[in-house]
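Here are the chains, one letter per residue:
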Amino acid sequence: MERYWQKEIETASRDQIVAWQNERLVRTVKRVYENVPYYKKLMDEKGVTPGDINSIEDLWKLPFTYKSDLRDTYPYGLFAVPMEQVVELHASSGTTGKQIVAGYTRHDLDIWADCCARQLVAAGATKEDKIHVSFGYGLFTGGFGLHLGAQRIGAVAIPVSSGNTARQITILQDFGSDYLCCTPSYAMYIAESMEQANVDMSKIALRGGIFGAEPWTEEMRQRIEEKLHIKAHDIYGLTEIMGPGVSYECCEQSGMHVNEDHFIIEVIDPDTGKVLPEGEQGEIVFSCITKEAFPLLRYRTRDIGVISRKKCSCGRTLVKMSKPRGRSDDMLIIRGVNVFPSQIETVLLRMGYSPNYQIVVDRVNNLDTLEVKVEVTQEVFSDTVTKFAVKEKELSEALKSLLGVNAKVTFAAPGSIDRSIGKAVRVIDKRKI
Ligand code: DLL
């Protein structure tokens, strides 16, 4: 039987959801206009006033918020409450430029806890469970978000944080963790390390996993489920909007329900900014409608995805978004062809290769080159030169037929590609160095 954390919200009628959204959007726009000078300026420049926003039908009239706006107002310029009401700060890692800072009031943390609680319950967790949180604790939102969610449902939060994989395994064994929360690449690393340590899986209590914070494929999900003997659920979010729990997967494991009582999702054409109809792929845009401290409106996530309002068998009525296939800035353009790292992962895993791979892009004599380095088993690695070459060629052809560009395949020795304890770094683009 499907379980819900806030059934009346998660299964509300469309009319009810729209009514909440209308009222909350109107209120948020007014509050933001009055309290955030930067937003007032953006709206004035576009010739929109709060009076023009009467329902979600008017959302398109509002200006977009871009990451550059967050940088221009760094650190607190988009906060909509005085600092005395802020009780916690988080920040993005800042790998693609200056970090951005998000603030939370007590009420914001309360909502965040519920959003993450919805995910845990949808994945089958109960208050009897022990939730092993291996997302990093700190400015990154992963650790604290799932921690709040676990405690909200009355479960035991185990704040292991990321790293020290041997210790993670000891805790999984000795504490009897029921759910593991971390990035999918770290889950894979933990599974691999357990295998190497000959851990008896029948003695591991783990039932489920909540994985997210980076793109991962269905093939990767299957691998993790097989290796850890669990059900793996996807969770999505971003620092700018809240952290984990913006959307979450149910028992169907096909797309993530957006917490629409708190966030409005739109999918737009990234070039024209036009809102796209359901089912069309584009850039995901979120508006926060209940956040007090840091309520972004029409925030351009640069994540590429699709939404679906098809009835879900879990009974939830909240709209579903597809697994984002990566940020638009993760998309590689190789000799004019668009390539997503997730497409490469799909081919590798489908053909039975390991999820330990690296993509190296370079430019030689004005021509882009793509190299896929993938770890192989010791057996393959020690194969005869001919067999080795045949296998590399076979994989290279499979990649070419799916991606439409030539890829050089290099087999790497087991264990030679760096493992990640957080978000995996899959791509080295030497053209940008
Ligand atoms: O990654 C928040 C989070 C923590 C989500 C733990 C899920 C679990 P940021 O560091 O700000 O926040 O990075 C946000 O990560 O825009 C996506 O590009 C990517 N991302 C997050 N979740 C997923 C997912 C956290 N489930 C950025 N699938 C987002 C694919 C994801 N990409």
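Everything discussed here concerns the structure shown above.
Numbers given to residues run from 1 along each chain, matching the order in which its sequence is written. Side-chain atom pairs in this predicted model are given and counted only at pLDDT of 80 or more, local residue features only at pLDDT of at least 70, and totals for whole chains, interfaces and linings cover all residues. Think of the side-chain values as coming from all heavy atoms in the structure, minus any hydrogens and water.

Undergrad: What exactly am I supposed to notice about the side chain of Thr346 here?
TA: Secondary structure follows DSSP: runs of H or I at least 4 residues long count as helices, runs of E at least 2 residues long count as strands, and numbering of each begins at the N terminus. Topologically, Thr346 is positioned in helix H10 (residues 341-350). Every residue pair with non-hydrogen atoms within 4.5 Å of one another is taken to be in contact. Setting aside residues up to four positions removed in sequence, Thr346 forms contacts with Thr217 and Glu219.

Undergrad: Quick question: what am I supposed to make of the pairing of strand E10 (residues 263-268) here?
TA: Residues in a regular strand point their side chains to alternate faces of the sheet. Burial analysis of E10 places six of its six residues in the buried class, the great majority of the element. Residues Phe263, Ile265 and Val267 line one face of E10 and the alternating positions Ile264, Glu266 and Ile268 line the opposite face, and both faces are buried. Type-normalised accessible area, obtained with a 1.4 Å probe on protein chains alone, sets the label of each residue: buried when under 20%, exposed when over 50%, and partly exposed for intermediate values.

Undergrad: What is the right way to read the side chain of Ser354 from this model?
TA: Along the chain, Ser354 turns up in the loop between H10 and strand E17 (357-364). Two N or O atoms form a polar contact when they lie within 3.5 Å of each other; inside protein one atom must be a possible hydrogen donor and the other a possible acceptor, and for residues adjacent in sequence the pair counts only when both atoms belong to side chains. Here Asn356 takes part through its backbone nitrogen, which lies 3.0 Å from a polar atom of the side chain of Ser354. Among all residues touching Ser354, those that are not within four sequence positions of it are Arg223, Leu349, Val374 and Glu375.

Undergrad: In this structure, what is going on with the pattern of salt bridges? I would like to understand it.
TA: Side-chain pairs of opposite charge can arise whenever the charged atoms involved come near each other. Between Lys or Arg on one side and Asp or Glu on the other, a salt bridge is scored when a side-chain nitrogen of the former is within 4 Å of a carboxyl oxygen of the latter. Counting across every chain of the model gives 33 salt bridges. With a closest N to O distance of 3.8 Å, Glu345 and Arg426 form a salt bridge. Of this pair, Glu345 sits in helix H10 while Arg426 is found in the loop between strand E19 (408-412) and strand E20 (427-429), placing the two residues 81 residues apart along the sequence. Across the pair, Arg426 and Glu345 agree in class, each one buried. Between Lys393 and Glu397 there is a salt bridge whose closest N-O contact spans 3.2 Å. Of this pair, Lys393 and Glu397 both sit in helix H12 (residues 385-403), four residues apart, roughly one helical turn. When its relative accessible area of 47% is taken as the criterion, Glu397 is described as partly exposed. Residues joined in a network through salt bridges with shared partners are Asp129, Lys130, Asp178 and Arg207.

Undergrad: What is the right way to read the packing of H10 against H12 from this model?
TA: A pair of packed helices can be characterised by two numbers: the angle between their axes and the separation between those axes. One can describe the packing of H10 onto H12 by two numbers: an axis separation of 10 Å at closest approach and a directional angle of 140°. Compared by their axis directions, H10 and H12 come out oblique. Judged by the twist between their axes, the crossing of H10 over H12 is right-handed. Between H10 and H12, the residues in contact are Gln343, Ile344, Val347 and Leu348 and Leu395, Ala398, Leu399, Leu402 and Leu403, respectively. Lys, Arg, Asp and Glu make up the charged group, whereas Ala, Val, Leu, Ile, Met, Phe, Trp, Tyr, Cys and Pro make up the nonpolar group; the residues left over, Gly among them, are polar. When its residues are assigned to classes, the contact of H10 with H12 shows eight nonpolar, one polar and no charged. Between N-to-C directions, angles cover 0 to 180 degrees, with each direction set by a line fitted to C-alpha atoms, over the stretch in contact for helices. Put simply, angles under 35 degrees are roughly parallel, angles over 145 are roughly antiparallel, angles from 65 to 115 are roughly perpendicular, and the rest are oblique. The sense of a crossing depends on the near helix, which, turned anticlockwise from the far helix by less than a right angle, makes the crossing left-handed and, turned clockwise, makes it right-handed.

Undergrad: Sorry if this is basic, but what is going on with the packing of aromatic side chains here?
TA: Describing an aromatic ring pair means giving the distance of the ring centres and the angle of the ring planes. The aromatic pairing rule takes the rings of Phe, Tyr and Trp, using the six-membered ring of Trp, and pairs them if the centres are within 6.5 Å, calling planes under 30 degrees apart stacked, those over 60 edge-to-face and the rest tilted. Within this structure, the stated rule accounts for 12 aromatic pairs. For the pair Phe79 and Phe294, a centre-to-centre distance of 5.6 Å together with 65° between the ring planes defines the contact as edge-to-face. Taken together, the residues Phe79 in the loop between helix H4 (67-72) and strand E1 (88-91) and Phe294 in the loop between strand E11 (282-288) and strand E12 (299-305) connect sequence positions 215 residues apart. Accessibility expressed as a relative area gives 2% for Phe294, which makes it buried. Among the aromatic residues, those joined into a ring-pair cluster are Tyr353, Phe381, Phe388 and Phe411. Both a distance and an angle decide whether a charge sits over a ring: NZ of Lys or CZ of Arg must be within 6 Å of the ring centre and within 35 degrees of the ring normal. Positioned above the aromatic ring of Trp216, the side-chain terminus of Arg221 is 5.6 Å from the ring centre. Positioned above the aromatic ring of Trp216, the side-chain terminus of Lys323 is 3.8 Å from the ring centre.

Undergrad: Teacher, can you tell me more about the site of the ligand here?
TA: Put simply, a residue is near a molecule or strand once any heavy atom of it comes within 4 Å of that molecule or strand. Residues in close proximity to the ligand total 20 residues, the closest being Asp234, Ile235, Thr239, Asp303 and Arg327. The separation between a nitrogen atom of the ligand and a polar main-chain atom of Ala213 is 3.1 Å. One nitrogen or oxygen atom from the main chain of Glu214 is found 3.3 Å from a nitrogen atom belonging to the ligand. Note on areas: these come from Shrake-Rupley sampling with a 1.4 Å probe, and a residue is covered only by the protein chains present in the view. Protein chains shield 95% of the accessible area of the ligand, which is 600 Å² for the free molecule.

Undergrad: Got a minute to help me understand the environment of Glu252 in this structure?
TA: For Glu252, the position within the fold is in the loop between strand E8 (243-249) and strand E9 (256-258). For the pair Glu252 and His233, spaced 19 residues apart in sequence, the C-alpha to C-alpha distance is 9.6 Å. Among all residues touching Glu252, those that are not within four sequence positions of it are Cys312, Ser313 and Lys320. Among the polar contacts listed, one links the side chain of Glu252 to the side chain of Ser313, at a separation of 2.9 Å.

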